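# Structural overview for review
Residue strings, one per chain:
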Amino acid sequence: GVYHSHPILSGFSEADLESAEEACLPFYLYDIQGDKWHEYIPSTYESSIDCLRFALGFQDCYGLVRNFFRKKYNHYLSDYDRDETFCHEEQEIIMKSFEKEGFYKVEFNDIQIDDVILFKSEKALPQHFGILIEPQTMLHHPRNALSRKETITERWISRIVCVLRRKKEVI
């Protein structure tokens, strides 16, 4: 993507939006006055979903979920900061935000294709996402590895925190 800031503007300029569409790349804008990031993902942007290199905060397990739902359902999920502290701290933002993002909890025994599976880490913290793409097969992006399809084994099942399903009508 393209990362930049404007010394005065707090949002994207027309030139930014046109450039993003023409380059087919996401644009990220740091709002100096508001001290926050904004993103614009153009309709022309296409990216692969599997065999991607890991990049924390962009091409990671949550980034894969964002990309999947944007491509398949035109459902844009918010971006959340994911830095090196993410895997060492309790991430309440995950459990507090899934309903706002258009998802609800379902039982694992009712899991369906395109459901999101949230896994706990070795420290029992909910921090890893997978998407059921076939019966007993998920798409996920392991840390420091390529995104990939993987069979959901007993080891994975023992780490499930919850299963999330996309609401049919997302507001």
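Here's what I pulled together on the structure shown here. The structure presented is a predicted model; accordingly, all values stated were derived computationally and were not measured. (Residues numbered from 1 in each chain as written. Predicted model: local features only at pLDDT ≥ 70, side-chain atom pairs only at ≥ 80, totals over all residues. Heavy atoms only, no water.)

## Looking at the nonpolar core
In this structure, Val65, Phe69, Phe103, Val116, Phe129 and Leu164 are the most contacted members of the largest nonpolar core, which totals 19 residues. Of all the secondary-structure elements, those providing two or more residues to this core are α2 (61-73), β5 (116-120), β6 (126-134) and β9 (160-166). Sort the elements by how many residues they give to this core and α2 lands first, with six residues. If we ignore the near neighbours within four places in the chain, the residues touching Phe103 are Phe69, His75, Leu77, Phe98, Val116, Leu164, Arg165, Arg166 and Lys167. Counting nine residues, the second largest nonpolar core, distinct from the first, contains Val106, Ile117, Met138 and Trp156. (Core = buried A, V, L, I, M, F, W, Y, C linked by side-chain atoms within 4.5 Å. Buried < 20%, exposed > 50% of the residue type's maximum accessible area, 1.4 Å probe, protein only. Helix = DSSP H or I, 4+ residues; strand = E, 2+ residues; numbered from the N terminus. Contact = heavy atoms within 4.5 Å.)

## Concerning unusual backbone geometry
Within the chain, Cys24 stands out as a residue other than glycine whose phi angle is a positive 60°. Along the chain, the position of Cys24 falls in the loop between α1 (14-23) and β2 (27-31). Judged by its relative accessible area of 33%, Cys24 is partly exposed. A positive phi angle, near 55°, is found at Asn74, a position not held by glycine. Here Asn74 lies in the loop between α2 and α3 (92-97). Since its relative accessible area comes to 58%, Asn74 is described here as exposed.

## Let's talk about the sheet that holds strand β1 (residues 2-6)
One open sheet accounts for three strands, arranged β1-β2-β3; its pairing is mixed. At either margin of the open sheet sits one strand with a lone partner, and together these are β1 and β3 (36-40). Sheet twist, expressed as the mean angle between neighbouring strand axes with direction ignored, is 25°. (Pairing = 2+ DSSP bridges. Axes fitted to C-alpha atoms, helices over the stretch in contact; angles between N-to-C directions.)

## With respect to the state of the cysteines
Inspection of the entire model under this criterion finds zero disulfides. Cys162 takes part in no disulfide bond, and the closest cysteine sulfur, belonging to Cys61, lies 13 Å away. Since its relative accessible area comes to 8%, Cys162 is described here as buried. (Disulfide = S-S within 2.5 Å.)

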